[in-house]
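Chain residues, written in single-letter form:
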Amino acid sequence: METLPLVCSFEDGCILTLVPVDVDGTMDEVASTVAEHFAGRMMPLYPDRTLRVRKQGDEAFLPRDLRVRDAGWTALTTIQLGYEART
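These numbers were taken from a predicted model, which means no experiment stands behind them.

Examining the packing of aromatic side chains
And step 1. The final tally for this structure, using the stated rule, is two aromatic pairs.
And step 2. Centre to centre, the rings of F10 and Y83 are 5.9 Å apart; their planes meet at 70°, and the pair counts as edge-to-face. With a gap of 73 residues between them, F10 in strand β1 (residues 3-10) and Y83 in strand β4 (residues 78-83) connect regions that are remote in the sequence. This pair shows no difference in class: F10 is buried, exactly as Y83 is.
And step 3. Ring centres of Y46 and Y83 lie 5.1 Å apart, and the angle between their planes is 75°; this geometry places the pair in the edge-to-face category. Note that Y46 is positioned in the loop between α1 (27-38) and β3 (51-55) and Y83 in strand β4, a separation of 37 residues in sequence.

Notes on the environment of T33
And step 1. Counting through the fold element by element, T33 comes out in helix α1.
And step 2. The sequence separation of T33 and D22 amounts to eleven residues, and the corresponding C-alpha distance is 9.3 Å.
And step 3. Those residues in contact with T33 that sit more than four places away from it in its chain are V19, P20 and V21.

Focus: the nonpolar core
And step 1. Within the largest apolar cluster, 21 residues are counted, with the highest numbers of intra-cluster contacts made by V34, V53, V68, W73, I79 and L81.
And step 2. Put simply, the parts of the chain that give this core at least two residues each are β1, β2 (17-22), α1, β3 and β4.
And step 3. Take this core: its biggest share by element is six residues, from α1.
And step 4. The contacts of W73, once residues within four sequence positions are left out, are L4, L6, M27, V53, K55, L62, V68 and I79.

Criteria and cut-off values
Residues numbered from 1 in each chain as written. Predicted model: local features only at pLDDT ≥ 70, side-chain atom pairs only at ≥ 80, totals over all residues. Heavy atoms only, no water. Phe/Tyr/Trp six-rings, centres within 6.5 Å; stacked < 30°, edge-to-face > 60°. Helix = DSSP H or I, 4+ residues; strand = E, 2+ residues; numbered from the N terminus. Buried < 20%, exposed > 50% of the residue type's maximum accessible area, 1.4 Å probe, protein only. Contact = heavy atoms within 4.5 Å. Core = buried A, V, L, I, M, F, W, Y, C linked by side-chain atoms within 4.5 Å.

Encoded structure:
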């Protein structure tokens with residue numbers, strides 16, 4: 001498994017964490033991997049809501065099936081987790 005180290009935060013948070021993610025993983029898998037480092041400590045838990053990924057500074061979340069290797073990220077790219085808005 002090839003990994004890529006990403007700098008991660010939770011929306012509106014100020015804590016950054018370095019997390020290695022699988023380059024073959026989808027954004028859903030990235031969200032799950034990164035959430036393990038934040039859940040219950042630096043982010044609220046909402047099991048009924050979908051956790052999403054976006055590049056730091058972007059408004060839009062990335063497609064859930066986008067693979068890390070196809071996102072064009074390099075080592076230490078900063079990403080942010082956030083919950084999808086309720087509809």
